[in-house]
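Take a look at the letters that make up each chain.
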Amino acid sequence: MTTSHPHLLALLGGGFSTDADGLLDDWMLGHARTPRPRVCFLPTASGDAPAYVEKFLAAFSDRPDCEPSVLPLFDRKVDDDALRAFVLAQDVIYVGGGNTANLLAVWRVHGVDRLLREAYDHGTLMCGISAGANCWAEGSHTDSFGPLTHLADGLGLLPGSVCPHYDSEPGRRRSYRSAVAKGALPAGWALDDGTGALFTDGRLTDTVSRSPGASVYRVVRDGTGEADERALPCRDLS
């Protein structure tokens, strides 16, 4: 008998790396397929920065509701079979911030992109912040190349595009709206810092906020060559 698993993906506008209250991480873990999920942190976008890894372990190692681990790729120790077994054993894949373009390139060299898709198809919750949110979509808004620009590349697990830091980084809103308006990026989802968006089988099923006034937005190309932005209701986590 074939078991069908829902495809779960969470975009995070915060979490352990930026927020002391843990509200967004609590919310994310609540959607995992087990009460005490195995949570694997992928710090690839930061070049496996030791301080970032230490911050993840400090935040998650003492939690009774999960089993944390880290997958480094810049100093990889395991062969392809062991890598696949490890990735597929995880209940949550948590991708950190950094450089989206570099992240995608490194994953593809190591075949991690294919393993993540396989895990996603088997019910593993995919999530991440900043570059770790960008990577799941067809395209994204990024500063991977210095100035803010569009990246028409991604794993494509989530249809459309993603823009993080919508309210906190100067130029983000204007630049992302312009990319969507011109068709450089497909319609997508923009997240203010402090928010989260859950997608089940590619459909938005929950939006939350830990910050008053912060929102998730649907941004689409309108019929006049401009972009239309719609703020979505968010449940308050505070």
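### Examining the packing of aromatic side chains
If you walk through the whole model with that rule in mind, you get 15 aromatic pairs. Ring plane angle 35° and centroid distance 5.9 Å describe the contact between F16 and Y52, whose orientation is recorded as tilted. Residue F16 is located in the loop between β1 (8-12) and α1 (23-29), and its partner Y52 is located in helix α2 (residues 50-60); the two are separated by 36 residues in the primary sequence. Accessibility classification places F16 together with Y52 in one group, the buried group. Look at F60 and Y94: their rings are 5.9 Å apart centre to centre, the planes differ by 85°, and that puts the pair in the edge-to-face class. One end of the pair, F60, is in helix α2; the other, Y94, is in strand β4 (residues 92-95), with 34 residues separating them in the sequence.

### As for the pattern of salt bridges
Taken as a whole and judged by the stated rule, the model has 15 salt bridges. One salt bridge in this structure joins R63 and D26, with 2.4 Å as the shortest N-O distance. With R63 in the loop between α2 and β3 (67-70) and D26 in helix α1, this pair connects stretches of sequence that are 37 residues apart. R63 gets classed as buried once you look at its relative accessible area, which sits at 16%. Linked by salt bridges that have partners in common, D19, D21 and R210 make up one network.

### Thoughts on the packing of helix α4 (residues 100-110) against helix α5 (residues 112-121)
Packed helices, taken two at a time, are described by the angle between their axes plus the distance between the axes. At a minimum axis separation of 5 Å, α4 and α5 run at an interaxial angle of 85°. By the angle between their axes, α4 is roughly perpendicular relative to α5. Here α4 contributes W107, R108 and H110 to the contact with α5, which in turn contributes V112, D113 and L116. The class makeup of the residues in the contact of α4 with α5 is 3 nonpolar, 1 polar and 2 charged.

### Notes on the sheet that holds strand β12 (residues 216-221)
Across the sheet, 6 strands lie side by side as β7-β6-β8-β9-β12-β13; this open sheet has mixed pairing. Either end of the sheet is taken by a strand with one partner, and the two such strands are β7 (149-151) and β13 (227-232). Each neighbouring strand pair of the sheet contributes to a mean axis angle of 25°, computed without reference to strand direction. Relative to β7, strand β6 (residues 137-142) runs antiparallel, the two being bridged by 3 bridges. Along β7, the bridge assignment pairs H141 with H150. Contacting β6, β7, β8 (158-163), β9 (188-191), β12 and β13, helix α7 (residues 172-182) crosses the sheet at an angle of about 35° to β12.

### Some details on the packing of helix α3 (residues 80-88) against α5
Close contact between α3 and α5 brings their axes to 9 Å; oriented N to C, the two are set at 35°. Note on packing geometry: the crossing formed by α3 with α5 is right-handed. On α5, the residues touching L83, R84, V87 and L88 of α3 are V112, L115, L116, E118 and A119. Among the residues forming the contact of α3 with α5, the class breakdown is 7 nonpolar, no polar and 2 charged.

### Things to note about α7
Within the sequence span of α7, burial applies to R172, S175, Y176, A179, V180 and A181. Note on α7: the residue one or two positions beyond its end, G183, has a positive phi of about 80°.

### Some words on the nonpolar core
By size, the foremost hydrophobic cluster in this structure holds 38 residues, and its most contacted members are L11, L42, W107, L116, M126 and W136. Beyond its immediate sequence surroundings of up to four residues, W107 is in contact with L42, T44, L73, V95, V112, D113, L116, C135, W136 and L155. By size, the runner-up hydrophobic cluster in this structure holds 23 residues, among which are A32, V39, C66 and L198.

So, how was this worked out
- Residues numbered from 1 in each chain as written.
- Predicted model: local features only at pLDDT ≥ 70, side-chain atom pairs only at ≥ 80, totals over all residues.
- Heavy atoms only, no water.
- Phe/Tyr/Trp six-rings, centres within 6.5 Å; stacked < 30°, edge-to-face > 60°.
- Helix = DSSP H or I, 4+ residues; strand = E, 2+ residues; numbered from the N terminus.
- Buried < 20%, exposed > 50% of the residue type's maximum accessible area, 1.4 Å probe, protein only.
- Salt bridge = Lys/Arg side-chain N within 4 Å of Asp/Glu carboxyl O.
- Axes fitted to C-alpha atoms, helices over the stretch in contact; angles between N-to-C directions.
- Parallel < 35°, antiparallel > 145°, perpendicular 65-115°, else oblique.
- Contact = heavy atoms within 4.5 Å.
- Nonpolar A, V, L, I, M, F, W, Y, C, P; charged D, E, K, R; others polar.
- Pairing = 2+ DSSP bridges.
- Left-handed = near helix turned anticlockwise from the far one by under 90°.
- Core = buried A, V, L, I, M, F, W, Y, C linked by side-chain atoms within 4.5 Å.

Coordinates in, geometry out; function isn't part of it.
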